[in-house]
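Next come the chains, spelled out residue by residue.
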Amino acid sequence: MNSVPTGVENLDSALISGIPIGYTVLLSGTPGSGIELFAKQFIGSHLPEEDATYITTTEKTEDIINTMKDFNWKTDIKIVNLGEEFYRRVLEKEIFISKYREEGIPASEILRPHKFHIEKELDILTLLTYEISMLKSPFRLVLDSLDFLFSNEENSRVISTLRTIKSHTQYRQGVSLFTLVTTLYPSIVQSGVEEIVDIILTMENIRTQTGFDRIFTIKKFRNHPEKVGIFKYNFSKNGIIIQKIF
Amino acid sequence: MEKVRERCLTGIEALDNILNGGIPKGNTVLITGSAGTGKTTLSIEFLVHGAMKGEKGLYISVTEASEKLLENLIVYDFFSKEMIQKGIIFIDIPEIYEKLGMNKLQFSMEDINLLIENIVKIVTEFNVKRVVIDSITSICYRLQTEEKIMEFILRLSKALSELGCTTFLVSELLPSAKGYSQYGVEEAVSDGIILLGNLERRGDLLRTLRVVKMRGTSHSRATYVLDITSIGILLVPLLKGGGELI
């Protein structure tokens, strides 16, 4: 089985020399556990031949690059900012509407009515699928995060889009990673996503009397149940490090 | 002695004669009739004649994109593109709806107020003297209740009248309508009613016009044959006998 490295120290050996090509991975975790950092470490460790795309829904593009530079990860990746697009097309419009409702439509807008372009309603999922269709084989994809999609779109449509991404990953020699914050969703959503993906990784940040216990688990590995296991993890200047096996 | 109200000449000579010198300034007139009877043509001509005298016109298009409407109107001799740019402001109401976030099928009282405020704002800022809303029926459709329709028309016509504006409300009469308007209330709150119709006589379909009501002036209530020619609307008395109004 051909695999690609995750870039996370000691994790590749716990998997099968990394992530098998064609696999889709779900990385879920508690808030503050470091899943976004993992996502960046993963994309920054892409092989030269991999077309690396990072789709973000919450962060600013420059913040992503700066974080990756701080850890000395490769930044020759494509960043697609769905969050900014959403802001520009949906939220910004709402801000204008509230201004117009409060102050009235300005005369300048009235005098050139034909120039006012009603932008097509933004369908995030269509935009996402379009970006996926642009990926060249072999590719490495990160989608951070599913939370944004589930909170703005109908659950069944999100699941259906994820299935499309999974198939594309399978047939186009790619690897894809989705992030999701746990405990926020009804179990039907969680299990819907878990059923689609080939590998499930989780990160947990558990408060103890003296600090935090950071637990990393391989919860699912398609056709390799022997790989399922629990680990500890920590952070260094190079990023996330997986520690001893329990 | 009754004070003679200042008049607003429609510019359609025969109509001004029927009205004994034009429409009393500040009146809100319902231009009502079924499809193809010449309501829009009459209304545009009213604005064009105003523009020729230096009175600014405002055409609020509800059902048809004004761009398309203008293309169809160019055939008239009295109409030039220059006139549009200088004398008449064309607004597509969907753009107003969009800017004010009025995307619900049924408008709330707040939406209605905003719509009136914004129309009044345009009229004030551009010193508009003639307004056409084509059609009021399409706006009424989204107001739903008789109370809201009444409130909308009354408040709008009061505000426009105070600004010295004479207003045409184009009303689409469906075969199902009883009386002179689709919802019944439009005719009750208007200052005037001009009824346009079709008359079949000896195999010909004639257009007809009758002033049913006009506050502030005496007028003929006879039926006239309306001809749409390249020099505008012509009216001639309808010879009695034969034919059926449809």
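Structure shown above.
Residues numbered from 1 in each chain as written. Chains lettered and ligands numbered in written order. Predicted model: local features only at pLDDT ≥ 70, side-chain atom pairs only at ≥ 80, totals over all residues.

Colleague: Honestly, the overall build of chain A in this entry has me stumped. Any pointers?
Modeller: Within chain A, the secondary structure is distributed over 9 helices and 11 strands. Put simply, chain A has 246 residues, and 34% of those count as buried. A fraction of 70% describes how many contacts in chain A between residues 6 or more apart in sequence connect residues 24 or more apart. (Helix = DSSP H or I, 4+ residues; strand = E, 2+ residues; numbered from the N terminus. Buried ≥ 20, exposed ≤ 12 C-beta atoms within 10 Å, placed from the backbone. Contact = placed C-beta atoms within 7 Å.)

Colleague: How do you make sense of the overall build of chain B when you look at a structure like this?
Modeller: Counting its secondary structure elements, chain B contains 9 helices and 12 strands. Contacts spanning at least 24 positions in sequence make up 70% of the contacts within chain B whose residues lie at least 6 apart.

Colleague: Teacher, can you tell me more about helix H8 (residues 146-162) of chain B here?
Modeller: Side chains of residues three or four places apart in an α-helix project in the same direction, reflecting 3.6 residues per turn. Residues and elements named next belong to chain B. Along its 17 residues, H8 runs 24 Å from first to last C-alpha, staying within 8% of the 24 Å computed at 1.5 Å per residue. Along H8, the residues that are buried comprise Ile149, Phe152, Ile153, Leu156, Ser157 and Leu160. Buried residues of H8 fall within an arc of 110° about the axis and therefore sit on the same side. Across H8 from its buried face, at more than 90 degrees, point the exposed residues Glu147 and Glu162. Those residues of H8 hidden inside the fold are in contact with strand S3 (28-33), helix H6 (109-125), strand S6 (128-134), helix H7 (136-143), strand S7 (166-172) and helix H9 (185-189). Directly after H8, the chain includes Gly164, whose backbone phi takes a positive value near 75°. (Expected span 1.5 Å × (residues − 1). Arc of directions from axis to C-beta.)

Colleague: It is not clear to me how the packing of H6(B) against H8(B) should be interpreted in this structure. Could you clarify?
Modeller: Relative placement of two packed helices is described by the angle separating their axes and the distance separating the axes. All names here are of chain B. As a packed pair, H6 and H8 sit with axes 10 Å apart at the nearest point and diverge in direction by 20°. Comparing the axis directions of H6 and H8 gives the class roughly parallel. Viewed along their axes, H6 and H8 form a crossing whose handedness is right-handed. Two secondary-structure elements touch here, H6 through Ile112, Ile116, Ile119, Val120 and Val123 and H8 through Lys148, Glu151, Phe152, Arg155, Leu156, Ala159 and Leu160. (Axes fitted to C-alpha atoms, helices over the stretch in contact; angles between N-to-C directions. Parallel < 35°, antiparallel > 145°, perpendicular 65-115°, else oblique. Left-handed = near helix turned anticlockwise from the far one by under 90°.)

Colleague: Even after reading the chapter, I still don't get the nonpolar core, so can you show me in this structure?
Modeller: The nonpolar side chains of a soluble globular protein tend to be buried with one another. Grouped together as the largest cluster of nonpolar side chains are 65 residues, with contacts concentrated most on B:Ile31, B:Leu58 and B:Val132. In terms of nonpolar packing, the next biggest core, distinct from the first, is built from 50 residues, A:Phe38, A:Leu146, A:Val175 and A:Leu180 among them. (Core = buried A, V, L, I, M, F, W, Y, C linked by C-beta atoms within 7 Å.)

Colleague: Is there a simple way to explain the interface of chain B and chain A in this structure?
Modeller: By a widespread convention, an interface's size corresponds to the accessible area lost as its parts come together. Counting from both sides, the interface comprises 17 residues of chain B and, opposite them, 12 residues of chain A. Residue assignment for the side of chain B that touches chain A shows that the elements contributing at least two residues are strand S5 (88-92), helix H5 (93-99) and H6 of chain B. Per-element tally for the side of chain B that touches chain A: the top contributor is H6(B), with 6 residues.

Colleague: Could you clarify how one ought to interpret the packing of helix H6 (residues 124-133) of chain A against helix H8 (residues 155-171) of chain A in this entry?
Modeller: Residue and element names in this part refer to chain A. Orientation of H6 relative to H8, taken along the N-to-C sense of each, is 0°, at an axis distance of 11 Å. Looking at the two axes, H6 sits roughly parallel to H8. Contacts from Leu125, Leu128, Thr129 and Ile132 of H6 reach H8 at Arg157, Val158, Thr161, Thr164, Ile165 and His168. The residue makeup of the contact of H6 with H8, split by class, is 5 nonpolar, 4 polar and 1 charged. (Nonpolar A, V, L, I, M, F, W, Y, C, P; charged D, E, K, R; others polar.)

Colleague: Looking at this structure, how should I read the environment of A:Ala14?
Modeller: Residue and element names in this part refer to chain A. The residue Ala14 is located in helix H1 (residues 11-14) in this model. For the pair formed by Ala14 and Ile242, sequence separation is 228 residues and the distance between their alpha carbons is 9.3 Å. Look past the residues within four positions of Ala14 in its chain and what remains in contact with it is Ile218, Gly229, Phe231 and Ile242.

Colleague: Can you help me understand the pairing of strand S3 (residues 24-29) of chain A in this one?
Modeller: Side chains on a regular strand alternate between the two faces of the sheet. Residues and elements named next belong to chain A. Summarising burial for S3: 6 of the 6 residues are buried, a large majority. Of the two faces of S3, both are covered, the one formed by Thr24, Leu26 and Ser28 as well as the one formed by Val25, Leu27 and Gly29. Sheet topology note: the S3/strand S7 (residues 174-181) ladder contains 6 bridges and is parallel. Bridging from a neighbouring strand, Val25 pairs with Leu177 of S7. Note: S3 against strand S8 (residues 199-207), 5 bridges, orientation parallel. Among the inter-strand pairings, Ser28 is bridged to a residue of S8, identified as Thr202. (Pairing = 2+ DSSP bridges.)

Colleague: Would you mind showing me how to read unusual backbone geometry here?
Modeller: For residues other than glycine, phi is negative in most cases, and the peptide bonds are mostly trans. A:Ser145 follows A:Asp144 through a cis peptide bond whose omega is 10°. With respect to the secondary-structure elements, A:Ser145 resides in the loop between strand S6 (139-144) and helix H7 (146-152). With an omega dihedral of 5°, the bond running from B:Asp134 to B:Ser135 counts as a cis peptide bond. Within the secondary structure layout, B:Ser135 lies in the loop between S6 and H7. Within the chain, B:Arg202 stands out as a residue other than glycine whose phi angle is a positive 45°. With respect to the secondary-structure elements, B:Arg202 resides in the loop between strand S8 (192-201) and strand S9 (204-214). Judged by the 7 C-beta atoms lying within 10 Å of it, B:Arg202 is exposed.

Colleague: What should I look at first to understand the pairing of S5(B) in this one?
Modeller: All names here are of chain B. Counting buried positions along S5 yields 5 of 5 residues, so the element is predominantly enclosed. Of the two faces of S5, the one lined by Ile88, Phe90 and Asp92 and the one lined by Ile89 and Ile91 are each fully buried. Relative to S5, strand S4 (residues 56-61) runs parallel, the two being bridged by 5 bridges. The residue of S5 that forms the bridge with Leu58 is Ile89.

Colleague: Honestly, H6(B) in this entry has me stumped. Any pointers?
Modeller: Here H6(B) spans 24 Å end to end across 17 residues, near enough to the 24 Å set by a 1.5 Å rise per residue. Taken as a whole, H6(B) has its buried residues at B:Asp111, B:Ile112, B:Leu114, B:Leu115, B:Ile119, B:Ile122 and B:Val123.

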